[in-house]
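Report on the structure
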Amino acid sequence: MHTITLREGADLDGFRQAVRRLAAARTAPDKVLWSVGAPSLFGDDATPASDNGAPIFLPQAVGQLIETVVCHSDPERYALLYRLVWRVLNGERALLDQHADPLVHRLERLDKAVRRDIHKMHAFLRFRALPPAPPGPDGGERYIAWFEPDHHIVEAVAPFFVERFESMVWTILTPKGSLHWDRQRLITGPPAERPDALALDRFPDDRFAEGWQRYYESTFNPARVNPTAMRAEMPRKYWANMPETAAIPALVRSAPARVQAMLEAEAAIPRRRMPEKAVAAMARQAPESLAELNRLIQRSEPLVPGATQAVLGEGPEGAAIAIVGEQPGDQEDREGRPFVGPAGQLLTAALEEAGIDRGGLYLTNAVKHFKFVQRGKRRIHQSPTAGEVKHYRWWLMTELGFVRPRLVVTLGATAALALTGRPVAVLRERGPMAFDGWNGFVTVHPSYLLRLPGEEERRRAQAEFVADLRRASALA
């Protein structure tokens, strides 16, 4: 029996290292005892820190599920996740598609519970203003908040609060851990107890509390009062730390009278609108060149916060072929150029093998900003949703209108969705395809090749990718 002891909370790095060692040794799940915190009475496996095992390759969805479920408070989470990894590595790579499987069903419930807990912390945490600090580097206004999550999500939510309140000095205390942000660095700390000083009645002149209460009162809809639904969405356990909840009893009591007053009020005649003027104004604002479009993209805020900058297309106008990828990666976001990371280097090598000059192509992405989740110092790529692809589609189509390629090559399902407006099964539909006003060609994204587990499988898939590029070049 192998005993693995991980640290308290969400020990993602420790779990990954343990899985690598166990997988390398072909250790079955029923031969592993997982524990958290204090060392086991039976002793832990004494494995040198440098002996972490070889990397293992898992489907992206499995990796994302692991990152979420390790945050759950269920003591069996690591055992369940290793059982999932074991089955995926032993021939069940599509296991997560089997939603009726008892293991998958249970892990999906844990995943949903953690995501809901993260949503609640985003929505219901409230900062309170502390007395200003004495003059000095850390002087000025300071803020503190108390929250009681059900799971170990403190580190997972940290990027959200750093991004949202970057200019403030704040501390978040929870029974699961604590965070402190001093405008420059984030410090994680141990679990805490709720200070008595955070009671709502200790902040009679708190501008934050007054602002939250006025906002809630102004958005409260008396015609849609449903106390049961309100308690389900905003459970009472959060009310003690939310100043606006003090207004709820009076708002609920006054709702019938307010609704009656609304019904008795004379209906207002809607004002006639002139859509022709709005359409004409939008037409006048449309960019007149690719350079002007790029300036517009650079000035626009990312749909999902966090990206360093917009990554623009690169290549000559009038290029015979435009290649459209999914979205910038970590390295593209830092350098501000498309296809310069590992997938871009693989694309360059494939183009060279196919006899295509990369400098003569126009390279761009369907989504212009990097979407990611912060895990420690790493920024983990997250695929854009269909709504986010749709948000950026106007930019992409306008961009292609200025470039005027003879053929548009889409790399992967996201780029194909952007050009066709429908989900595309790339491996089944790869090849020539008519896009919206463009001659098109669908093939895989180079990152797909990087994720394939076996060397032989990667060589075969890369040869097919090079063949696709040759076909596209011939069509153009």
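Please refer to the structure placed before this passage.
First, a word on scope: everything that follows refers to the structure included in this document. In this text, all values refer to a predicted model and were calculated from it rather than measured experimentally. (Residues numbered from 1 in each chain as written. Predicted model: local features only at pLDDT ≥ 70, side-chain atom pairs only at ≥ 80, totals over all residues. Heavy atoms only, no water.)

Moving on to the environment of Asp 111. Structurally, the position occupied by Asp 111 is in helix 4 (residues 102-124). Given the relative accessible area of 13%, Asp 111 is considered buried. Spatially, the C-alpha atom of Asp 111 lies 8.6 Å from that of Ile 66, the residues being 45 residues apart in sequence. Leave out the neighbours within four places in its chain, and Asp 111 touches Leu 65, Thr 68 and Val 69. (Helix = DSSP H or I, 4+ residues; strand = E, 2+ residues; numbered from the N terminus. Buried < 20%, exposed > 50% of the residue type's maximum accessible area, 1.4 Å probe, protein only. Contact = heavy atoms within 4.5 Å.)

To continue, consider the packing of aromatic side chains. Counted by the stated rule, this structure contains 14 aromatic pairs. Ring centres of Phe 15 and Trp 34 lie 5.4 Å apart, and the angle between their planes is 45 degrees; this geometry places the pair in the tilted category. One end of the pair, Phe 15, is in helix 1 (residues 12-24); the other, Trp 34, is in strand 2 (residues 32-36), and 19 residues separate them in sequence. Here a set of aromatic residues connected by ring pairs shows up, and it is made of Phe 15, Trp 34, Tyr 78, Tyr 82 and Trp 86. The ring of Phe 372 has Arg 379 lying over it, and the distance from NZ or CZ to the ring centre is 4.9 Å. (Phe/Tyr/Trp six-rings, centres within 6.5 Å; stacked < 30°, edge-to-face > 60°. Lys NZ or Arg CZ within 6 Å of the ring centre and 35° of its normal.)

Here we come to the sheet that holds strand 14 (residues 439-443). The strand order across the open sheet built from 5 strands is 9-8-12-14-13, with neighbouring strands paired in mixed fashion. Pairing within the sheet leaves two strands with one partner each, and these edge strands are strand 9 (362-365) and strand 13 (431-434). On average, each strand axis in the sheet is tilted by 30 degrees relative to the strand beside it, whichever way the strands run. Relative to strand 14, strand 12 (residues 407-411) runs parallel, the two being bridged by 4 bridges. Bridge pairing in strand 14 places Val 409 opposite Phe 441. Packing of helix 14 (residues 413-420) onto the sheet brings it into contact with strand 8 (321-325), strand 12 and strand 13, and relative to strand 12 it is tilted by some 140 degrees. (Pairing = 2+ DSSP bridges. Axes fitted to C-alpha atoms, helices over the stretch in contact; angles between N-to-C directions.)

As a further point, take the pattern of salt bridges. One side chain can pair with another of opposite charge once the charged atoms of both are near each other. Counting across every chain of the model gives 23 salt bridges. The residue Glu 464 makes a salt bridge to Arg 460 at a minimum N-O spacing of 3.1 Å. Highlighted residues: Glu 464 and Arg 460, both in helix 17 (residues 455-475), separated by 4 residues, approximately one helical turn. Overlapping salt bridges, with partners in common, bring together Asp 330, Asp 333, Arg 334 and Arg 379 in one network. (Salt bridge = Lys/Arg side-chain N within 4 Å of Asp/Glu carboxyl O.)

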